[in-house]
Amino acid sequence: MIKNNIKTALSSLLMLGTVTTKAQVAIGKQNSTNASVSLEFANTENRGFILPYITDKTNITVEGSTIYDTTDHKVKYLKGSGIWANLSEDDGTAATIGTADLSIQGLDKTEQSKAKTAIGNNGATDTTAGILVLTDSNKAMILPKVNSPHLNIINPAPGMMVYDTTKKQLAVYNGKVWSFWKP
């Protein structure tokens, strides 16, 4: 019994060490295909990356933070100096303003400030606040790639982001409509 517990503990420590020291993460596939990427998703499924639902963004100060703002149901990113840029294009009508079932997010729960995942060479020591922090300054995240997400993602979640391989654009879902962004 003790021998099995020791084996289990050693296996767990080995797995934890492997996960926390990895500088690149691939989700839905075996490996990242690009050395310039910290986080990469497989392009074999019609799924997206869902942003955190935020009810109070006053304490978010890191430029580039991207959220689903539940106060107005828009996807936003922090440009800097407290200026949030809207990525959910809508015309202000009820037909285009986003919506979300906030009960599934457990918004009545207390956030654990140390509950985060940091990916990158200095992920184990990075102190940047956030749920998912990509710590490398010379690597990027590749969003899930989906062909025509507005047609192929059957039940998108508010705050979902993907790269539309047909339009070659960032696609963002606010709970009612998709917005497409091209540089």
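Okay, so let's go over this structure. (Residues numbered from 1 in each chain as written. Predicted model: local features only at pLDDT ≥ 70, side-chain atom pairs only at ≥ 80, totals over all residues. Heavy atoms only, no water.)

1. Observations regarding the pairing of strand E12 (residues 160–164)
1) Next: Counting buried positions over the five residues of E12 gives four, a clear majority of the element.
2) Next: Two strands pair when backbone bridges link them, and strand E3 (residues 49–50) and E12 are joined in this way by two bridges, in the antiparallel orientation. Note on E12: the bridge partner recorded for Ile-50 is Met-160.
3) Next: Two elements, E12 and strand E13 (residues 169–173), share five bridges in a ladder whose sense is antiparallel. (Buried < 20%, exposed > 50% of the residue type's maximum accessible area, 1.4 Å probe, protein only. Helix = DSSP H or I, 4+ residues; strand = E, 2+ residues; numbered from the N terminus. Pairing = 2+ DSSP bridges.)

2. Details of the packing of aromatic side chains
The geometry of an aromatic ring pair comes down to the distance between the two centres and the angle between the two planes.
1) Next: Overall, the coordinates contain three aromatic pairs when judged by the stated rule.
2) Next: Their ring planes at 65° and their centres at 5.6 Å tell us that Phe-41 and Phe-49 sit as a pair that is edge-to-face. For the pair shown, Phe-41 and Phe-49 are each scored as buried.
3) Next: Between Tyr-53 and Tyr-68, the aromatic rings sit 4.9 Å apart at their centres with planes inclined by 40°, giving tilted as the arrangement. Of the two residues, Tyr-53 is situated in strand E4 (residues 53–54) and Tyr-68 in strand E5 (residues 66–69); the sequence distance between them amounts to 15 residues.
4) Next: A residue is classified by how much of its surface remains accessible, and Tyr-68, at 0% relative accessible area, is buried.
5) Next: One residue, Lys-167, lies across the ring of Phe-180, its end atom 3.9 Å from the ring centre. (Phe/Tyr/Trp six-rings, centres within 6.5 Å; stacked < 30°, edge-to-face > 60°. Lys NZ or Arg CZ within 6 Å of the ring centre and 35° of its normal.)

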